[in-house]
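Working through the structure, step by step
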Amino acid sequence: MAGSGVAHLRLGAEQILTVEELVVQFPTKGGQTVHAVSGISFDLLDGETLGILGESGCGKSSAGRAVMQLPPPTAGSVRLGNDELTGLNAQTVRERRARMQMIFQDPVSSLNPRRKVKDLVAEGPKIWGREVTREQIESVLHAVGLDPAVVWERRPHELSGGQCQRVCIARALMLDPEVLICDEPVSSLDVSVQAQILNLLEETKQRYGLSMVFIAHDLAVVKNISDRIMIMYLGKVCEVLPASSLAERALHPYTQLLLESVPDMTPPPIEAGTVAQRATGELPSPLNPPSGCRFRTRCPLATEECAAVEPQMREVEQGHFLACHNSGPGASGVA
Amino acid sequence: MNSTSALLPDRPAAEQESPVLIVDDLRTQIHTPRGDVQAVDGISFTLGRGKTLGIVGESGSGKSVLGRTIMGLYSTGPTMTVSGRVLIAGKDVHTLGASGLRELWGSDVGMVFQDPMTALNPVKKVGVHLTESLRRHRTMNRAQAKAHAAELLNLVGIPEPRRRLDQYPHELSGGMRQRVVIAMSLANEPALLIADEPTTALDVTVQKQILDLLDRLQDELGMAIVLISHNLGVVAGRADRVAVMYAGRVVETADAAALFGLPHHPYTEALLEAIPRLDQPPHVRLAAIDGAPPNMVAPPIGCRFAPRCRYAQSDCTLAPPSLDGAVTRGIATPGHSFACYHPVNAGGQ
């Protein structure tokens, strides 16, 4: 899986965000290196939503944060429109990345508990020395479904989790961003609130003309909101495909494992020998990731080639890219 | 769902030797500075050997308080009042007293909590966690207990059990820790296992492994399981019967297939519609439930879901509908109860 390659980048198209060969590494005390993200590439078109899907430890959050330069990636390029964001001094980065805003998983802890909603929402523009009118704040609060008269003087602890997430979205919108990066924005919310926030993100995207990177571990949530989905495993990309193809046309053994692991409302009878039953073991350590394809230690299709040669992204059908030696049409091994 | 409703029917007569768990009109009232919260408000059911009852609900619905009250972890004291009865293997949990509870826990009933890290003592080795209850409840010496602990780890699918016994919890992954917690709770082959969000902290692939493990152990050991989860999918695939909780009460209960196939309570229907599904195309607008759960210090007088319910009528706010009323009125089939005056799918039986 876990392949390299840039076949899935849409060169020549109008990209609002282009990430190439992004690498994020963290040194450990023992002189070792955590390979959080090992050379991933993706792009985002104007008005598109890219879903990044993966389990804990796959590097999806590290990738999202590296795009925001929080902290800057170890290597690789991040371009917002035509502006490169990496390798710049701190002040230039701050200026350029204001067009990108981020929403985090835990809405309560990402708000300053001592500030009131009106100040929280106005904080971004104030930092940039811009005038903020009461009307602007009220209009953005309305846009995220909060009644300004009710929440105006409240502090985060007086709001529910869903309301806090709405405040976070309002904060992001105040800076008039082009790209919204959402890191697990609904995973700490109840299903009824989750549905409200997903609907809100979809409406907001239309109304403000945003492009979105949506990072999450829940397959159905990602499918619901995305146009295109990128599946990550242990710092690498396995598969990139249109959201509408996720359930039926996904090919990578890891994507299959994810799909088969989802508890379903109407459980299909599981046939013997499906990927989920044959895939075993646990996530290898990112300190010392496997050679070749990083999924090979758990993959039922793994061959010797998988240990020796890292699979490259290749297009298997229109808009559907795969990094696997042994699955999909044109596989070199026996599928 | 009102007060003293009859015991929920549990499957046909053949299985009904004596239920492992009987919960009768259980109420847990938590005293807070803002007032008394009726966290569990009149819940009754029975659970037979080898069966799984799924309890689903959102945060604040009282499902975890219910689990802990059944367990006897919550009992009447300065901060709360518990009334009603809980019988586990014939023993009345809330009359046992401290020493009786210690005998009950770990032998007749085990519990698995959501967060496996905080359920384990970080300064004690895995082996100590496991041998503790073995040596307490059974006459085993150190060596026997250790050998049995290794067998338990083997049972829950942990490779190299001998080596793992000498490791500390932080040396294990989340999935492995949850397996250890399950091994602990199963050490003395309890008749009942209460699993409170056992897979919520875990990834989907690991979640599947843990749920499969519980399934297998249930087959092998014949225990009854109360599976508490906010994830309807988790419960749908694993439970024989399901109870949906809202604001401290059970609003609907039925066999899993009936409940998910043809829900009658508007809240159950709304929950199912709010969940994004893989078999839907992208960008489908989700049917969110408007509003928020009620303030439990002063909940609505009638049906507690009425303020958020799209089918609510004036009678909904007058008196709470009773859980078995629909069966009495002939609307529902036996075994499928719901507390609603204006049920959905009522004509579609």
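Residues numbered from 1 in each chain as written. Chains lettered and ligands numbered in written order. Predicted model: local features only at pLDDT ≥ 70, side-chain atom pairs only at ≥ 80, totals over all residues. Heavy atoms only, no water.

**Concerning the packing of aromatic side chains**
Per the stated rule, a full pass over the model turns up six aromatic pairs over all chains. A ring pair is formed by Tyr 254 of chain A and Phe 295 of chain A, whose centres lie 5.2 Å apart and whose planes are at 65 degrees; its orientation type is edge-to-face. Of this pair, Tyr 254 of chain A sits in helix H10 (residues 253-261) while Phe 295 of chain A sits in the loop between helix H11 (275-278) and helix H12 (304-308); the two residues are 41 residues apart in sequence, bridging distant segments of the chain. For Tyr 254 of chain A, a relative accessible area of 0% puts it in the buried group. The exposure class assigned to Phe 295 of chain A is buried, which follows from its relative accessible area of 0%. For the ring pair Tyr 246 of chain B and Tyr 267 of chain B, a centre distance of 4.6 Å and an interplane angle of 55 degrees mean the geometry is tilted. Here Tyr 246 of chain B is found in strand S9 (residues 241-246), whereas its partner Tyr 267 of chain B is found in helix H10 (residues 266-274), with 21 residues between them in sequence. (Phe/Tyr/Trp six-rings, centres within 6.5 Å; stacked < 30°, edge-to-face > 60°. Helix = DSSP H or I, 4+ residues; strand = E, 2+ residues; numbered from the N terminus. Buried < 20%, exposed > 50% of the residue type's maximum accessible area, 1.4 Å probe, protein only.)

**Some remarks on the packing of H10 of chain A against helix H7 (residues 204-221) of chain B**
Look at H10 of chain A against H7 of chain B: their axes get within 8 Å of each other, and the N-to-C directions meet at 50 degrees. Taken together, the axes of H10 of chain A and H7 of chain B are oblique relative to one another. For the crossing formed where H10 of chain A meets H7 of chain B, the hand is left-handed. For the pair H10 of chain A and H7 of chain B, the contacting residues are Leu 257, Leu 258, Glu 260 and Ser 261 of chain A in the first and Val 204, Thr 205 and Lys 208 of chain B in the second. (Axes fitted to C-alpha atoms, helices over the stretch in contact; angles between N-to-C directions. Parallel < 35°, antiparallel > 145°, perpendicular 65-115°, else oblique. Left-handed = near helix turned anticlockwise from the far one by under 90°. Contact = heavy atoms within 4.5 Å.)

**A look at the interface of chain A and chain B**
Taken together, the contacts link 41 residues of chain A with 37 residues of chain B. Here chain A meets chain B over a buried area of about 3,200 Å², counting both sides, of which 56% is carbon and sulfur. For the interface between chain A and chain B, the tally reads one salt bridge. Residue Glu 203 of chain A pairs with Arg 285 of chain B through a salt bridge whose shortest N-O separation is 2.8 Å. Going through the elements one at a time, helix H7 (191-208), helix H8 (219-225), helix H9 (246-249) and H10 of chain A are the ones with two or more residues in the side of chain A that touches chain B. (Buried area = accessible area lost by both parts, 1.4 Å probe. Salt bridge = Lys/Arg side-chain N within 4 Å of Asp/Glu carboxyl O.)

**With respect to H7 of chain A**
Every α-helix carries 3.6 residues per turn, so stepping three or four residues along brings you back to the same face. Residues and elements named next belong to chain A. Relative to the 26 Å expected for 18 residues at 1.5 Å per residue, H7 spans 25 Å between its end C-alpha atoms, a close match to the ideal helical length. Counting buried positions along H7 yields 13 of 18 residues, so the element is predominantly enclosed. Gly 209 sits one or two positions beyond H7 and adopts a positive phi of about 60 degrees. (Expected span 1.5 Å × (residues − 1).)

**As for unusual backbone geometry**
Cis geometry is found at the peptide bond from Leu 70 of chain A to Pro 71 of chain A, where omega equals -5 degrees. By the secondary structure assignment, Pro 71 of chain A is in the loop between helix H1 (60-67) and strand S4 (75-80). A positive phi angle is found at Leu 234 of chain A, which is not glycine, with a value near 50 degrees. Mapped onto the elements of the fold, Leu 234 of chain A is located in the loop between strand S9 (228-233) and strand S10 (236-242). By relative accessible area, which is 1% here, Leu 234 of chain A ends up buried. Phi angles above zero are rare outside glycine, and Ala 247 of chain B is one such case at about 50 degrees. Checked against the element boundaries, Ala 247 of chain B lands in the loop between S9 and strand S10 (249-255).

**Examining the packing of helix H3 (residues 117-127) of chain A against helix H4 (residues 134-143) of chain A**
All names here are of chain A. As a packed pair, H3 and H4 sit with axes 10 Å apart at the nearest point and diverge in direction by 100 degrees. If you check the angle between H3 and H4, you find them roughly perpendicular. Touching Val 117, Lys 118, Val 121 and Ala 122 of H3 are Ile 137, Val 140 and Leu 141, all from H4. Here the contact of H3 with H4 is built from residues that sort into six nonpolar, no polar and one charged. (Nonpolar A, V, L, I, M, F, W, Y, C, P; charged D, E, K, R; others polar.)

**Description of the environment of Asp 219 of chain B**
Along the chain, Asp 219 of chain B turns up in helix H7. Separated by 148 residues in sequence, Asp 219 of chain B and Met 71 of chain B have C-alpha atoms that sit 22 Å apart.

**Here we look at the sheet that holds strand S6 (residues 109-112) of chain B**
Residues and elements named next belong to chain B. Taken together, seven strands build an open sheet; the order of strands is S6-S7-S8-S3-S9-S10-S11 and the sheet is mixed. Only two strands of the sheet have a single partner each, and these edge strands are S6 and strand S11 (337-338). Against the sheet, H10 makes contact with S9 and S10, and its axis sits at roughly 95 degrees relative to S9, the strand it touches most. (Pairing = 2+ DSSP bridges.)

**Let's talk about the pairing of S10 of chain A**
Residue and element names in this part refer to chain A. Among the seven residues that make up S10, six are buried, leaving the element largely enclosed by the rest of the structure. For S9 and S10, the ladder comprises six bridges, and the chain directions are antiparallel. Bridging across to S10, Met 232 finds its partner in Val 237. Between the end of S9 and the start of S10, which pair antiparallel, lie two residues, with Leu 234 showing a positive phi angle near 50 degrees. Pairing of S10 with strand S12 (residues 320-322), which is carried by two bridges, proceeds in the antiparallel orientation.

**Some remarks on the environment of Leu 26 of chain B**
Residue and element names in this part refer to chain B. Tracing the backbone shows Leu 26 in strand S1 (residues 21-32). Leu 26 gets classed as buried once you look at its relative accessible area, which sits at 0%. Separated by 53 residues in sequence, Leu 26 and Thr 79 place their C-alpha atoms 17 Å apart. Once residues lying within four places of it in the same chain are set aside, the contact partners of Leu 26 are Val 40, Asp 41, Gly 42, Ile 43, Leu 66, Thr 69, Ile 70, Val 82, Ser 83, Gly 84, Arg 85 and Val 86.

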